Amino acid sequence: MALRNFYNGIKGMKVTELPGHLKPYFTVSYVKNSVKRGLDNYHDKYIETDSITPLYHICIGGMIFSYLVNLPEERRHLAHQQEHGGAH
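What you are looking at is a predicted structure, and each value in this text was computed from that prediction instead of being measured.

### Considerations on the overall build of the protein chain
On a plain count of helices and strands, the protein chain comes out with four helices and zero strands. Computed over its C-alpha atoms, the radius of gyration of the protein chain comes to 22 Å, more than 25% above the 12 Å expected for a compact globule of 88 residues. Its C-alpha atoms put the protein chain at 60 × 45 × 25 Å along the principal axes. Looking at the protein chain as a whole, 2% of its 88 residues are labelled buried. Charge centroids of the protein chain, computed over 10 positive and 8 negative side chains, lie 14 Å from each other.

Next up, the structure:
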């Protein structure tokens, strides 16, 4: 929904008007307020309702982080396996 509102806001603009429109979105105060608003919304939606969803978010986020940290090593193993015929 936010992306649609953003698109509708810039749809009728000329390219030269775009930097002036986007510049306020990249200030430190705007980013801080956006993050604070997002965290408040998350707290209201999941924490205040005693939902188990934040636990799922932590578990899934941990698995994704672990996978991404280990990805270079796995790619090296795959390249080595393909280079030497694939047998152990």
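Now, onward.
### Digging into the packing of aromatic side chains
All told, the structure shown has three aromatic pairs when counted by the stated rule. Residues tyrosine 42 and tyrosine 46 carry aromatic rings whose centres are separated by 4.8 Å and whose planes lie at 55° to one another, so their mutual orientation is tilted. Highlighted residues: tyrosine 42 and tyrosine 46, both in helix H3 (residues 28-47), separated by four residues, approximately one helical turn. Its relative accessible area of 29% is what places tyrosine 42 among the partly exposed residues. Through pairs of rings, three or more aromatic residues link up here, namely Phe6, Tyr25 and Tyr30.

### Notes on unusual backbone geometry
Positioned with a positive phi, aspartate 50 is a non-glycine residue whose angle comes to about 55°. As for its placement among the helices and strands, aspartate 50 is situated in the loop between H3 and helix H4 (53-83).

### Things to note about a nonpolar patch on the surface
On the surface, a cluster of nonpolar side chains totalling about 810 Å² of accessible area is made up of Leu3, Phe6, Tyr25, Phe26, Tyr30, Val31, Val35 and Leu39. Secondary-structure elements contributing two or more residues to the nonpolar patch are helix H1 (2-10) and H3. Broken down by element, the residue count for the nonpolar patch peaks at four residues, all from H3. Locating valine 31 in the fold gives a position in helix H3.

### Considerations on the packing of H3 against H4
With their axes 9 Å apart at the nearest point, H3 and H4 run at an angle of 115° to one another. Every residue of H4 that contacts H3 at Tyr42, Tyr46 and Ile47 is listed here: Thr53, Pro54 and His57. Residues of the contact of H3 with H4, tallied by class, amount to four nonpolar, two polar and no charged.

### Things to note about the confidence of the model for the protein chain
Averaged over every residue, the pLDDT of the protein chain is 91; the share at 70 or more is 97%. Looking across the protein chain, the model is least confident in H1, with a mean pLDDT of 88, and most confident in H3, with 95.

### Digging into H4
A rise of 1.5 Å per residue sets the reference length of H4, with its 31 residues, at 45 Å; its end C-alpha atoms lie 43 Å apart and thus fit the reference within 8%. The sharpest bend along H4 measures roughly 45° and falls at leucine 71, with the proline proline 72 sitting one to four residues further on.

Analysis parameters
Residues numbered from 1 in each chain as written. Predicted model: local features only at pLDDT ≥ 70, side-chain atom pairs only at ≥ 80, totals over all residues. Heavy atoms only, no water. Helix = DSSP H or I, 4+ residues; strand = E, 2+ residues; numbered from the N terminus. Rg over C-alpha atoms; globule rule 2.2 N^0.38 Å. Buried < 20%, exposed > 50% of the residue type's maximum accessible area, 1.4 Å probe, protein only. Lys, Arg positive; Asp, Glu negative; His and termini not counted. Charge placed at Lys NZ, Arg CZ, Asp CG, Glu CD. Phe/Tyr/Trp six-rings, centres within 6.5 Å; stacked < 30°, edge-to-face > 60°. Patch = residues over 30% accessible without salt bridge, like charges linked within 9 Å, V, L, I, M, F, W, Y side chains within 5 Å. Areas by Shrake-Rupley, 256 points an atom, 1.4 Å probe, with all protein chains shown as cover. Salt bridge = Lys/Arg side-chain N within 4 Å of Asp/Glu carboxyl O. Axes fitted to C-alpha atoms, helices over the stretch in contact; angles between N-to-C directions. Contact = heavy atoms within 4.5 Å. Nonpolar A, V, L, I, M, F, W, Y, C, P; charged D, E, K, R; others polar. pLDDT = per-residue confidence, 0-100. Expected span 1.5 Å × (residues − 1). Bend = angle between axes of the 7 residues up to and from the residue.

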